[in-house]
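Listed here are the chains, written in short residue letters.
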Amino acid sequence: MYNPSHYPVDVFPDVLRDAIIALHEDTQFPVEMIGSTLLAATSLALQPLVEVISPYSTDKAEPCSLFLLTLADSGEGKGPIYEKIMAPFTAFMAEMQKEYKEQLDIYKKDHATWSVISKGLNRSLMKASRDGEDCETEASLFREHLDNEPVCPTPFEMLNNDNSPVGLIEQLDRYPYAGCFSSEAMTFFSGYLKDNLALLNQLWSDEDYSYNRKGRSILLSGCRLSILLMTQPSEFERYVQRQGARDILNGFLARFLITGTISTRAQRKTNLNQERSEIALNKVFVFFNDFLEKQKAMYYDKSITPKVLRLSEEAKEVFKSRKEQHNALTAKNQRWEHITKFISKAENQAIRISALFNYYSESDISAVAVNDAFTLTEWHLNQAAHYFYESSESFQLKQDVYDLFIQIKKRFERQGGNIKFTDLQTGQFCICSRHPWQPFLRYEVTQYAPGRLRGNKKTEPAFNELINLGLIMTISYPPSSEIYVALSSYDVNGNILPLNSPSTLFRIHQVRNNSVRPSDNYDLSRLSW
């Protein structure tokens, strides 16, 4: 199996794991894309049927719906994989649509008959009233008839293709479980649904949503929404550039499990026999069809309630430990410091996944199941960390360091200015012309810094980083208090000294401090004198 992204296939239940591997080996499409699509389909199939008790509570259950975003270039197999995995859902929705049409046809006939009878009873009531007769009998028959008006059936709509907030709200009002699934998600990113992030956020978080427009009031309560968006990375990056900062801040994108795919095109060989994956998928479809039949029963019988799972005591300890590890990795200079919003949702993602994978369990969710769910969640967190790295403070600081270094280097290279110092032999205060690569006045750093870094507060973080990298230092020449920037050099004993200083009588103000580590992974070729 070609798995360069180290997607944790082994944490899936056996039947799903076997399908992921078989589909990958038959199609040679990215394994992470296959796994994420199967995970989304599992969420869609089970979201009406299972809930999980929060480990923080003894009775509060939360939904198991998931939002997934898969980023894959054209030709990586988004469409074919989506079509294969969603086949039972397509067949089920066609079956339910057929039933709806049959019920609608019966309703139309029943209602037409009801209307004829209604008119007759209405005429009888009116006649009795005109003739001054006792019309209580006619009125009673008419009221009874009105109470028995045939009810128009509602269509079963599992997937929302409207891409508008009102369309989704009205669909959930008819049936409180839905999915926004697309193998070409530009319709979502260019549609209006994404503009009502409060609706989407509240559905993920199991919060009530109130809609009041044009005299119509709808309260969505206990509704469930699963999302699978598959799109090209370039399209998603354009979306992030347009709206990403706002969406990340309000937590919308943080509710997604993000999957970035690594291309397999160079390794693919044509395989005309895909029997192995068909057999493996059919085993998955046995479960999906069972879930869908249970959804159908719930659709017609509103008294059916979802199964509620809870974590075992051992699983709660695993939950606590993994959550603490997550929090530690959000500290400064740690790999998740810039995705704290994603981290805040990760614990929910993990227990939802563990419940989906343990639907048939008759006991509490085990420690192993929770640990596996966290492993899968952490893989997705690393994906988010990669895709949103350029929005991180660490990335921005590095860009500032590179840009400020260029300006400081140019100033070192350029002659000009004076250096004021005390001659060690004569004790006299001297002023000499400054030559290239000699110290220059500290205020010039701010003066010649890139526009976005003008001002001491903006310049200081990048300037201090250059000091901690051991590239520069600041000094003064007593008795003058003027601060100079000097190139750092080292003597034979490893002491840091200013390079090309006109005097050996100086005071060091800022120098590399081994206790303060700069950020990692600098491109040192961009920081070379």
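Higher on the page you've got the structure.
Now for a quick tour of the structure. Every value quoted in this text rests on a predicted model; they were computed, and no experiment measured them. (Residues numbered from 1 in each chain as written. Predicted model: local features only at pLDDT ≥ 70, side-chain atom pairs only at ≥ 80, totals over all residues. Heavy atoms only, no water.)

## Re the pairing of strand β6 (residues 216-220)
Each regular strand carries side chains that alternate between the two faces of the sheet. Judged from the five bridges that link them, strand β5 (residues 209-213) and β6 form a sheet pairing that is antiparallel. Residue pairing in the sheet places S210 in a bridge with L219 of β6. Between β5 and β6, which pair antiparallel one after the other, the connecting turn spans two residues, and K214 there sits at a positive phi close to 50 degrees. (Pairing = 2+ DSSP bridges. Helix = DSSP H or I, 4+ residues; strand = E, 2+ residues; numbered from the N terminus.)

## Comments concerning the nonpolar core
Ranked by size, the top nonpolar core spans 73 residues in total, and within it F12, L38, L39, F89 and F288 carry the most contacts. Considering each element in turn, this core owes the most residues, 10 residues, to helix α2 (residues 31-46). Not counting residues up to four positions away in its chain, the partners in contact with F288 are L38, A41, T42, A45, I85, P88 and F89. Among the nonpolar cores identified, the runner-up in size contains 42 residues, and L172, L220, F252 and F256 belong to it. (Core = buried A, V, L, I, M, F, W, Y, C linked by side-chain atoms within 4.5 Å. Buried < 20%, exposed > 50% of the residue type's maximum accessible area, 1.4 Å probe, protein only. Contact = heavy atoms within 4.5 Å.)

## A look at unusual backbone geometry
With the exception of glycine, the majority of residues adopt a negative phi angle, and the majority of peptide bonds are in the trans configuration. For the peptide bond that leads from P478 to P479, omega is 5 degrees, which places it in the cis range. Along the polypeptide, P479 turns up in the loop between β13 (472-476) and β14 (484-490). With a phi angle near 60 degrees, H6 is a residue other than glycine that sits in the positive phi range. With a phi close to 75 degrees, W437 is a non-glycine residue in the positive phi region. Locating W437 in the fold gives a position in the loop between β11 (429-433) and β12 (440-441). Residue classification places W437 among the partly exposed residues on the basis of a relative accessible area of 24%.

## Some thoughts on the sheet that holds strand β9 (residues 307-309)
Strand order in the open sheet made by the three strands is β2-β1-β9, with mixed pairing throughout. Across the chains shown, the open sheet's two edge strands, defined by having one partner strand only, are β2 (61-63) and β9. For this sheet, the mean inter-axis angle between neighbouring strands, taken without regard to orientation, is 40 degrees. Inspection of the sheet shows strand β1 (residues 50-53) paired to β9 by three bridges, in the parallel sense. When the bridges of β9 are listed, V52 appears paired with L309. (Axes fitted to C-alpha atoms, helices over the stretch in contact; angles between N-to-C directions.)

## Observations concerning the environment of W114
Residue position: W114 is located in helix α4 (residues 87-130). Distance from W114 to P150, taken between C-alpha atoms, is 7.6 Å for residues 36 residues apart in sequence. Non-local contacts of W114, meaning those with residues more than four positions away in its chain, are made with H145, L146, N148, E149 and P150.

## Description of the sheet that holds strand β3 (residues 67-71)
One open sheet holds the four strands; their spatial order is β4-β7-β3-β8, and the pairing between them is parallel. Where the open sheet ends on each side, the last strands, each with one partner, are β4 (177-182) and β8 (256-260). Along the sheet, successive strands turn relative to each other by an average axial angle of 5 degrees, direction set aside. Pairing of β4 with strand β7 (residues 224-231) involves six bridges; the strand directions are parallel.

## Let's talk about the packing of helix α6 (residues 165-174) against helix α8 (residues 197-204)
Their axes nearest at 10 Å, the elements α6 and α8 cross at an angle of 35 degrees. Regarding α6 and α8, the two cross each other, and that crossing is left-handed. Here P165, L168, I169 and L172 of α6 lie close against α8, whose contacting residues are L199, L200 and L203. Considered class by class, the residues forming the contact of α6 with α8 number seven nonpolar, no polar and no charged. (Left-handed = near helix turned anticlockwise from the far one by under 90°. Nonpolar A, V, L, I, M, F, W, Y, C, P; charged D, E, K, R; others polar.)

Worth remembering: the numbers are spatial, not functional.
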